[in-house]
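Examining the three-dimensional arrangement
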Amino acid sequence: MRWFTLGSLYIALSGCSGEPGDMESGQNTAPPESSAPGEATFAPDEPTELWFVELERAPAASGARAGSKRGLLDEHRERFRQAAAERGIRYKQRFSFEGLWNGLSVRVAREGAGALVDMPGVKAVYPVLPAELDVTPAAAAIGPDLAVAGEMSGADRVRRDLGVTGEDIRVGVIDSGIDYHHPDLGGCFGPGCRVAFGHDFVGDDFVSGDASKQPVPDDDPDDCLGHGTHVAGIIGANGIVHGVAPDVTFGAYRVFGCRGGSRADIILKAMERAADDGMDVVNISIGTPFQWPDYPTAIGANELVARGVVVVASIGNSGEKGLWSAGAPGVGEAVIGAASVDSARVTRLSFTIAPGDVAIGYARAVGSPPAPLSGSAPLGRTGTLTSARDCCAALPAGSLAGKIALVRRGGCPFPEKAARAQAAGAAGVVIYNDRAGEMNPSVEGDTAITIPVVGIAQADGELLNARLDAGAVTHRWTNQAVAAQNGTAGLVSRFSSHGLSAALSFKPDLAAPGGSIYSTVPIERGAYDTLSGTSMAAPHVAGAVALLLGARPELQAERVRDVLQNSAVPAPWSGDPGAGVPESAHRQGAGMIRVDRAIRATTVISPGKLALGESEAGPVARTLTLANTSWNDVTFDLSHAPAACATGGDHWAPRTATAGAARVDFSAASVTVPARGSATVSVTVRASDALADGGLFGGYVVFTPRGGASDAALRVPYAGFKGDYQSVPVLEPSGQGAPWLGKMSGERVTPQPGGATFTLASSDIPYVMVHLDHGAERLTMDIVEASTGKAWGRALELSHVGQSSSATAVTRYGWKGTTKLNATSVVVPDGDYLIKLRALRALGDPGNDAHWDTWTSPKITVDRP
């Protein structure tokens, strides 16, 4: 649960990664929070909140006279401090941003948070959101999975045939740091080392959800979490693992402590440092899902690209949550937002069983220590193949002493099963699936798991049970691998977040291998491991960018994405991979990167993607410009490859189909681009009547060169929304029936359908439970007198609010009895009132009542003691 406030409104968002204490109170003595004249100090238990405050004027990096701009920005900051003092707003600055985004992040006393947006010189305010690592559990593995991924992207051919390895290219990794002691990553830190630049913004003990664990920065970006080292290995390891660009120079910018969790303002500060250190490419395998493209980290990343740095960011792992789930900074307009496709081969560590010496591949459970690479123990079991709740009740003490416990999935969470087996003395746990296929369990929970826990396929579990039926079985850990072709090879990973953005911008941009990727991890964590996620796809793209810049150093940062999108190859539709239909453009962007094709290409088409918006106004025409850098004229034949469509209906569980494809017309059937010249072509896209309103359509405009190689075609992806976008409701009732009025009862909010009386003391305040079924352009709450309708002011106004994190997630807004009326703070007197909640639909017109969703509460009686 994450808490924040605006005005007199207390807000708790469900489904987020922060903790209540993170916003409830703050300890403000440690860096990065700094004191300045007039700034406040807070008691450890005093309620405070974290906010971005965007100031007017562009950041200092914009324009030619950055030096003079910095003086003006300093002046604006001083004016902010003075205005805060005049208004009695108590705050403490966390960070000041000047290079990429103009503003501050502040910890502010709860009662003053609402006044921030009304201060002179303030352009906007945004909550400082928790940042998530875009990684999912994956099978433990050993072997050439990254090499296989390199074959898929063409990186292996670039290294082998062209000798391009990323030398002299600087790649910044904003993550959990890099274990620079790792031999595959150079073995040292500082000038002359592979990891030559870096900074630790947080320290080992930092936890974003714990107010007592504030950042303690230092200059040592060593990694104790593991994620950043894995990402760096994909980009450029050079040893047992060979990354995409094995000779790049790294910048390590650590924004996560040893336990994980970070904040958006820390991410933004790391971007500034990466720019100052002269990075050519920055990888950010971090995100905050369901964000609009104007969130500060997205805007900062855009500015980084404007300064000549290519930014690649994971698009997110919220694929199971349906459409619109792409995260910031990946939704930034100039950022390359990376989707994930599954790798072609899965190679897993294995154990063997005797008699028979059968090898069985396993997935290491997240939250358990790595399995040893040798050692044996008897195999025991806690149930049968039909046990519905295997290992879900306490086991006799010592019943599994020294044994490897075989446990069936189902009936209770994985952490409970592991904890009960551990308490019974087990030396390890093997959990087998209760349904067809493999699984990737997690045993993170209240009880620390100190024994190895692994997951295996249902068929392997059945085999082990059959062997136990026949007699004693010995289990032996090994350092050997078993390999298998991945049945979903080359398909978009199920976890990969869907686009488009709430602003209908085209996201994601590109796809790369991210499912089951073997790479480096800190030496103390086993040196190598397999992870999955768009966190793994993004560094593959970042490494490909390093190769591209090494081969084509003349490319400008703004042009890199176009070149990669033109040369990408769309992944097949997962609904029927053999049908010859591409996967939806809002799932994969331009498709799988092919850096070898990007380097060879002598024509670039811009823009590299087409965001068509909503189709309500009819066909959409766009002009594409082709620039030819070769010394020969090139003629391209134009064609259209429609992709699968999202067919409308429940966007939380979208369905796709090949029916409903758009029609695409061209101004000419072919176009000739003169040597060292350019040409244009007009493309008109018409949404199909066969696609239901509310669906997403997309596809690829294909440019096939005459006389060229069979794989030399260039593509431009497009995507759009069918129908009237403002028909998509925001205040759609959720599974909990929200919105509804609630009252705190103990630790729960209980519905008050008939209204209620509130003292406004402590937690006895009215709560409005809200579910946002889509991103809101604007969200407001007004207080009116129940009997007369007299307006008593506004309790809340937020812009560009992301949709709720799931189909049933709710946000609770608690009103403390004050409002803003004509820019003046008003204490609403005792009496009977209504709360009017309004949500402006995405991209809606504030002056059009039909674009607003409205809900009015039951009567609220304010009766202070």
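Scroll up for the structure.
Right, let's get into the overall build of the protein chain. What the protein chain contains, in helices and strands, is 13 helices and 49 strands. A fraction of 76% describes how many contacts in the protein chain between residues 6 or more apart in sequence connect residues 24 or more apart.

Strand order in the open sheet formed by three strands is E11-E7-E13, and the pairing between neighbours is antiparallel. Both outer strands of the open sheet, strand E11 (262-263) and strand E13 (286-287), are each paired with one neighbouring strand and no more. Direction of pairing for strand E7 (residues 130-133) relative to E13: antiparallel, over a ladder of two bridges. Residue pairing across strands places Glu 132 opposite Gly 287, the latter belonging to E13.

Our next topic: the environment of Asp 832. Here Asp 832 shows up in strand E47 (residues 831-841). Residue classification places Asp 832 among the partly exposed positions, given a relative accessible area of 32%. Separated by 29 residues in the primary sequence, Asp 832 and Thr 861 place their C-alpha atoms 4.4 Å from one another. Residues contacting Asp 832, with those up to four places away along its chain left out, are Val 784, Glu 785, Ala 786, Lys 859, Ile 860 and Thr 861. Here the side chain of Asp 832 touches Thr 861 through a polar contact of 2.8 Å, side chain to side chain.

Before going further, it helps to examine helix H5 (residues 227-236). Counting buried residues in H5 gives 10 out of 10 residues, a clear majority hidden from the surface. Considered for burial, the residues of H5 that qualify are His 227, Gly 228, Thr 229, His 230, Val 231, Ala 232, Gly 233, Ile 234, Ile 235 and Gly 236.

Taken as a whole and judged by the stated rule, the model has 33 salt bridges. Between Asp 156 and Arg 160 there is a salt bridge, with its nearest N and O atoms 3.8 Å apart. One end of the pair, Asp 156, and the other, Arg 160, are both in helix H4 (residues 155-162), four residues apart, so they sit about a helical turn from each other. Classification of Asp 156 as buried rests on a relative accessible area of 15%. The salt bridge involving Asp 469 is made with Arg 381; its shortest N-O contact spans 2.7 Å. Taken together, the residues span a long stretch of sequence, with Asp 469 in helix H9 (residues 458-470) and Arg 381 in strand E19 (residues 376-381) at a distance of 88 residues. In this structure Arg 381 comes out as partly exposed when scored by relative accessible area, which is 34%. Salt bridges sharing common partners tie together Asp 156, Arg 157, Arg 160, Asp 161, Arg 594, Asp 596 and Arg 600.

Another aspect to go through is the nonpolar core. Counting 109 residues, the largest nonpolar core has Ile 174 and Val 545 as the members making the most contacts within it. It is helix H10 (residues 534-551) that provides the largest number of residues to this core, a total of 11 residues. Not counting residues up to four positions away in its chain, the partners in contact with Ile 174 are Tyr 253, Val 255, Ile 267, Ala 270, Met 271, Val 282, Asn 283, Ile 284, Ser 285 and Ile 286. With 53 residues, the next largest nonpolar core counts Ala 83, Leu 741, Tyr 813 and Val 862 among its residues.

The buried count for strand E37 (residues 714-721) comes to eight of eight residues, which makes it a mostly enclosed element. Because side chains alternate across E37, one face comprises the buried residues Leu 714, Val 716, Tyr 718 and Gly 720, and the other comprises Arg 715, Pro 717, Ala 719 and Phe 721, equally buried. With three bridges connecting them, strand E28 (residues 610-614) and E37 associate as parallel partners. If you follow Ala 611 over to E37, its bridge partner there is Ala 719. Relative to E37, strand E36 (residues 696-705) is paired through eight bridges, and the arrangement is antiparallel. Paired with Tyr 700 across the strands is Pro 717, a residue of E37.

Now for the side chain of Gln 291. Position of Gln 291 relative to the elements: it lies in the loop between E13 and helix H7 (296-306). Here Gln 291 falls in the buried class, since its relative accessible area comes to 12%. Beyond its immediate stretch of four places on either side in the chain, Gln 291 contacts Leu 129, Ala 326, Ala 328 and Val 331.

Before going further, it helps to spend a moment on unusual backbone geometry. Here the bond from Ala 354 into Pro 355 is cis, since omega is 5°, no more than 30 degrees from zero. In this model, Gly 499 is joined to Leu 500 through a cis peptide bond whose omega is -5°. One can find Leu 500 in the loop between strand E23 (474-485) and strand E24 (510-515). Backbone geometry at Leu 504 places phi at a positive 65°, although glycine is not the residue there. Here Leu 504 lies in the loop between E23 and E24.

Taken as a whole and judged by the stated rule, the model has 18 aromatic pairs. When the ring of Tyr 362 is compared with that of Trp 477, the centres are 5.7 Å apart and the planes differ by 80°; the resulting orientation is edge-to-face. Of the two residues, Tyr 362 sits in the loop between strand E17 (358-361) and strand E18 (363-364) while Trp 477 sits in strand E23, which places them 115 residues apart along the sequence. We note that Tyr 362, like Trp 477, is buried. A network of ring pairs unites the aromatic residues Phe 52, Phe 95, Phe 97, Trp 101, Tyr 126 and Tyr 295 as a single cluster.

Procedures and definitions
Residues numbered from 1 in each chain as written. Predicted model: local features only at pLDDT ≥ 70, side-chain atom pairs only at ≥ 80, totals over all residues. Heavy atoms only, no water. Helix = DSSP H or I, 4+ residues; strand = E, 2+ residues; numbered from the N terminus. Contact = heavy atoms within 4.5 Å. Pairing = 2+ DSSP bridges. Buried < 20%, exposed > 50% of the residue type's maximum accessible area, 1.4 Å probe, protein only. Polar contact = N/O pair within 3.5 Å; in protein donor to acceptor, adjacent residues only side chain to side chain. Salt bridge = Lys/Arg side-chain N within 4 Å of Asp/Glu carboxyl O. Core = buried A, V, L, I, M, F, W, Y, C linked by side-chain atoms within 4.5 Å. Phe/Tyr/Trp six-rings, centres within 6.5 Å; stacked < 30°, edge-to-face > 60°.

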